[in-house]
Amino acid sequence: MKNNKFYHIYTYGCQMNIHESEKLAGFLEERGYIETKEPNLADVIVFNTCCIRKSAEEKIFGNIGAIKPIKKKNPNLVVAVCGCMAQQSQMAETIQNKFPFVDIIFGTHNVNKFGQYLDDFNCKHEKLKNIEEEIQIIEGTPVYRTSGYNAWVNIMYGCNNFCTYCIVPYVRGREISRKPQDIINEIENLLKTKKYKIITLLGQNVNSYGKDLEDNINFAKLMQKIVELPYEFKLKFMTSHPKDLTDEVIETIANNDKISKAIHLPVQSGSNRILKLMNRKYTVEHYKEIIKKIKDKIPNATITSDFIVGFPTETEEDFLATCELIKDVEYNSIFAFMYSKREGTPAAIMEGQISDEIKNQRVNTLLKLEKEISNQKNYELIGKIENCIVEKKLENDDEYLVKTDGGKTIIVKDDNLNLLEFVDVKITKISKNQLYGEIVNNGGTNEETITNDATISQ
Ligand code: SAH
Ligand code: SF4
Ligand code: F3S
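None of these values were measured; they are calculated from a predicted model.

What counts and how
- Residues numbered from 1 in each chain as written.
- Chains lettered and ligands numbered in written order.
- Predicted model: local features only at pLDDT ≥ 70, side-chain atom pairs only at ≥ 80, totals over all residues.
- Heavy atoms only, no water.
- Near = heavy atom within 4 Å.
- Nonpolar A, V, L, I, M, F, W, Y, C, P; charged D, E, K, R; others polar.
- Helix = DSSP H or I, 4+ residues; strand = E, 2+ residues; numbered from the N terminus.
- Contact = heavy atoms within 4.5 Å.
- Axes fitted to C-alpha atoms, helices over the stretch in contact; angles between N-to-C directions.
- Parallel < 35°, antiparallel > 145°, perpendicular 65-115°, else oblique.
- Left-handed = near helix turned anticlockwise from the far one by under 90°.
- Pairing = 2+ DSSP bridges.
- 1 Å grid on protein atoms, 1.4 Å probe; cavity = no way out; pocket = protein on both sides within 12 Å on 5 of 7 lines; lining within 4 Å.
- Points joined across faces, edges and corners; volume = space filled by probe spheres on them.

## Some thoughts on the site of ligand 2
In the vicinity of ligand 2, the contacting residues are Cys159, Asn161, Phe162, Cys163, Tyr165, Cys166, Val168, Pro169, Gln204, His241 and Arg280. Each residue belonging to the shell around ligand 2 can be placed in one class, and the counts come to seven nonpolar, three polar and one charged.

Spelled out as structure tokens, the structure:
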């Protein structure tokens, strides 16, 4: 007989979804459960779902189905499904019908009630389904953090933008901001422990933070208050919507060493016609102006973006405009996604849906283009100085792995570095896509810092 109780959480989505898994784990840890990587050994299995693209949903269905034999062997196993997919009431019903062995179903707005659901189920053994329309912010719930020296912190929930391809506003509700003091208290408590060196603020559109609050607060002012905390750390944030990125935010980033210069500014398309159909509320010209401002004010910025290819009616000409924009901006890295039809969104019923074959071709073209630019940018890095965090001592005794602000790893030789300290590193060479460098000084930041990173995912 085993004495310990184990849990396993499947996580599928964005950083917000990952952080919600940390909150779910918080409730489980609080009740004495221990994490296991082996679903076979678990007493509680949670599927924290995502529905941003069809591919995510298909994977989730496969994974839930695979639990059936485990549940058969261990009828005491508790299976819960939550997150964005479960938030759609029709989908919640489908999950119930397709997988009758699922015990608890709840949506994104009920994450903070998971502890209560689990207790109720363990007490009464009655199946439970709860999906609420609006989120209520509950402060002070437990979090079991799993992201190393990075700590995720929600500053707001929901999205008001209704980009026509996107399911998020339907499964996350309207924007609601946390109170600045609650955010600052959480961050101060994290920093006090000295375990966290990066704080990443989360919101679907962090630039509209505070619009629903009465206090004289906005995203720039919030960042300013946070960096005044007397600890050594870097402040990151995601995601920024170009339409709301103000000059004040750019200035605040430029003027504070503690604020990361990694700016993820998803543009989605380089064609004005497609941007309009997507309801993105900016033009390519406006976007380029913002990029120019960022590059002028923050010369060491790492700029990244998301792209959707094969949005309904996207022509070869529209797609070429996207390629032109990528060449023009010279992103440090991009994420390219094939448009995925999401039921209930306006784009799903637009005429002119594009075939999978064309979407595939276009995503591969972006991949190639990105590789060319990123290779070039990697070489341009040689001789530049980067402010990095020391992540790991390598097996070769005097080698360390350090990470740049933009997420790139560099191998440096040194006989005496402390893990998790910030150091300035001069990049000396690149070999087989790996960067090498040397320490130029310990601590502080350097004005010349430049980062490049190149990844692409489908
Ligand atoms: N709030 C953020 C992130 C949204 S989801 C933002 O606005 O940028 C992350 C990315 O998924 C989006 O930037 C978009 O590129 C992609 N995405 C969203 N819906 C999609 C869909 N239906 N098909 C393909 N990609 C999609
Ligand atoms: Fe989706 Fe647009 Fe909101 Fe981002 S801003 S979550 S893409 S609706
Ligand atoms: Fe995130 Fe997926 Fe929901 S990307 S907001 S978990 S639909």
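## Some words on the environment of Lys426
Assignment of secondary structure puts Lys426 in strand S18 (residues 422-431). In this structure the C-alpha to C-alpha distance between Lys426 and Gly62, which are 364 residues apart in sequence, comes to 47 Å. The contacts of Lys426, once residues within four sequence positions are left out, are Gly383, Lys384, Ile385, Tyr436, Gly437, Glu438 and Val440.

## So, the packing of helix H12 (residues 284-297) against helix H13 (residues 316-329)
Between H12 and H13, whose axes approach to 11 Å, the crossing angle comes to 15 degrees. It follows from the interaxial angle that H12 and H13 lie roughly parallel. Between H12 and H13 the crossing geometry is right-handed. On H13, the residues touching Val284, Tyr287, Lys288, Ile291 and Lys295 of H12 are Leu325, Asp328 and Val329. Its residues assigned to classes, the contact of H12 with H13 shows five nonpolar, no polar and three charged.

## Some thoughts on the sheet that holds strand S10 (residues 198-202)
One open sheet accounts for three strands, arranged S7-S10-S11; its pairing is parallel. Unpaired on one side and paired on the other, strand S7 (150-154) and strand S11 (234-238) mark the two borders of the sheet. Averaged over all adjacent pairs, the angle separating strand axes in this sheet is 25 degrees, with direction ignored. Direction of pairing for S10 relative to S11: parallel, over a ladder of five bridges. Residue pairing in the sheet places Leu202 in a bridge with Met238 of S11. Together, S7, S10 and S11 form the strand contacts of helix H1 (residues 15-30), whose direction differs from that of S7 by roughly 100 degrees.

## Notes on empty space enclosed by the protein
Following the criterion strictly, the structure yields three cavities of 30 Å³ or more and no others. Computed from the structure, the largest cavity encloses a volume of approximately 90 Å³. Lining the largest cavity are Glu20, Lys23, Thr108, His109, Val111, Asn112, Ile135, Gln136, Ile137, Ile138 and Tyr157. Its residues assigned to classes, the lining of the largest cavity comprises five nonpolar, four polar and two charged. Forming the boundary of the second largest cavity are Met16, Glu20, Thr108, His109, Ile135, Tyr157, Gly158 and Arg172. Residues of the lining of the second largest cavity, tallied by class, amount to three nonpolar, three polar and two charged.

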